[in-house]
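Okay, here's what each chain looks like letter by letter:
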Amino acid sequence: MSDYKISVIIPVYKVDKYLRQCLDSVINQTLKDIEIIIVDEGELDECRRIIDEYEAKDERIKTIHEKNWGYGASVNKGINKAVGEYISIIESDDTAEPNMLEDLYSKAVSENAEVVKSNFYNYYETEPSLCYWREILPKKLYNKTFCPLDENDIFYSMNTVWSAIYKREFLNEYNIRFTDTPKAYFVDIGFSFKVWVSAKRVHLLKDAYIHYRQDNENASVRSKDNAFCVCNEYRTIDEFIKNNPNKVVLDKIKNKTKFNDYMWNLRRISNKYKKEFIKKMSDEFKKAIKNKEVDFTILSNYQQKEYTAIANHPLIYLLKHQWTKII
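Here is what the cut-offs are and how they apply
Each chain carries its own residue numbering, running from 1 in the written order of its sequence. Only residues with pLDDT of at least 70 get local features here, since the model is predicted, and only at 80 or more are side-chain atom pairs given and counted; chain-wide, interface and lining totals rely on the full set of residues. To obtain the side-chain values, all non-hydrogen atoms of the structure were used and water was disregarded. Cavities and pockets are found on a 1 Å grid laid over the protein atoms alone: a cavity is a set of points where a 1.4 Å probe fits but cannot escape, a pocket is an open set with protein on both sides within 12 Å along at least five of seven lines, and a lining residue has an atom within 4 Å of such a point. Grid points are joined across faces, edges and corners, and a volume is the space filled by probe spheres set on the points. When residues are sorted by character, Ala, Val, Leu, Ile, Met, Phe, Trp, Tyr, Cys and Pro go into the nonpolar class, Asp, Glu, Lys and Arg into the charged class, and all the rest, Gly among them, into the polar class. A run of H or I in DSSP counts as a helix once it spans at least four residues, and a run of E counts as a strand once it spans at least two, with each numbered from the N terminus. A helix's residues, less one, multiplied by 1.5 Å, set its expected span. With a 1.4 Å probe rolled over the protein chains alone, any residue whose accessible area is under 20% of its type maximum counts as buried; one over 50% counts as exposed, and the rest are partly exposed. Contacts between residues were defined by any pair of non-hydrogen atoms, one from each residue, lying within 4.5 Å. For two strands to pair, DSSP has to find at least two bridges joining them. By convention, a crossover is right-handed whenever its connection, traced from the first strand over the helix to the second and viewed with the strands pointing away, goes clockwise.

Before going further, it helps to examine empty space enclosed by the protein. By the definition in use, this model includes two cavities of 30 Å³ or more. Counted as a void, the largest cavity has a volume near 60 Å³. Every residue lining the largest cavity is listed: Val12, Tyr13, Lys14, Asp40, Glu41, Gly42, Glu43, Asp45 and Cys47. When the residues that make up the lining of the largest cavity are grouped by side-chain class, the tally is three nonpolar, one polar and five charged.

Below, the discussion takes up the environment of Ser106. Relative to the helices and strands, Ser106 is located in helix H4 (residues 100-111). C-alpha separation for the pair Ser106 and Val116, spaced ten residues apart in sequence, amounts to 9.7 Å.

Next up on the list: helix H9 (residues 271-290). With 20 residues, H9 ought to run about 28 Å at 1.5 Å a step, and its terminal C-alpha atoms sit 29 Å apart, in line with that. Those residues of H9 not exposed but buried are Lys274, Phe277, Ile278, Met281, Ser282, Glu284, Phe285 and Ala288. The elements touched by buried residues of H9 are helix H7 (229-241), helix H8 (247-268), helix H10 (301-312) and helix H11 (314-320). After H9 finishes, the residue Lys292 shows a positive phi value of roughly 60 degrees.

With that out of the way, let us pick up the pairing of strand E3 (residues 61-65). Two strands pair when backbone bridges link them, and strand E2 (residues 34-40) and E3 are joined in this way by five bridges, in the parallel orientation. Across the sheet, residue Ile37 finds its bridge partner in E3, namely Lys62. As a crossover connection, the stretch from E2 through helix H2 (residues 46-57) into E3 is right-handed.

This is the structure in structure tokens:
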């Protein structure tokens, strides 16, 4: 058995402004039997100097310095190097409550869970009054250990991979990793879906531990140039479930999560990409309807109308939503 209860993986890229806060919150966890794997881009910048400083004073810190081409590749390298019983992924501009890892690990052990997941805090360093506890997990699933295929609501919760711990043997058994193509964004979508497809024992905590930074001007979520990354994530999901015995059910779940993620992406991307992206949405939605992979009974009335409108008349849909400049 590993000497470490948890391997904490911290991917680092141009976060020197926040990195000390993050590392302090990890090394000061009440659970001491942890290893801390920092994966950076290998550049001799201020982040590297901070990492070297912390590595010199805490023997639990291990580093990987090499070009990784993105978040997913960085985290995958950390998972592959990890030896802890469980894996935690903490983003380098966020901070964790001191008791986070101890609370999640204790529950994981007592419930023999493959995944333990919690809520989080939206955090604004510059505007403390805007900080608040964010509840993104299904209320009915608190304080019970369940299989996601029996409780599908977990598939539709926000993909916060950093507010959970994952049994390392479980990730390895099902070959669950992030998309590692160069500069891929929003890779939490595919990772989370694969976790819920594969897990048999999941436990949710109502408490929040991670302070999820909202005022990092360099955060990838603010980029508007990666319009089609979300499509690539769903291709990886299709590949992952193609031979799954529950594929029929999973396709229906997938098409609901895809609708939500594609709609979110349509709203956030640059106007110059909207026309091309909604045509792709239309093609994929029509194909799903034709193949009877859409379960309209699990969509709200509003979602049903939106889904069919985009499938049948994508450009008209854009016009009705006052996106006339892109037609």
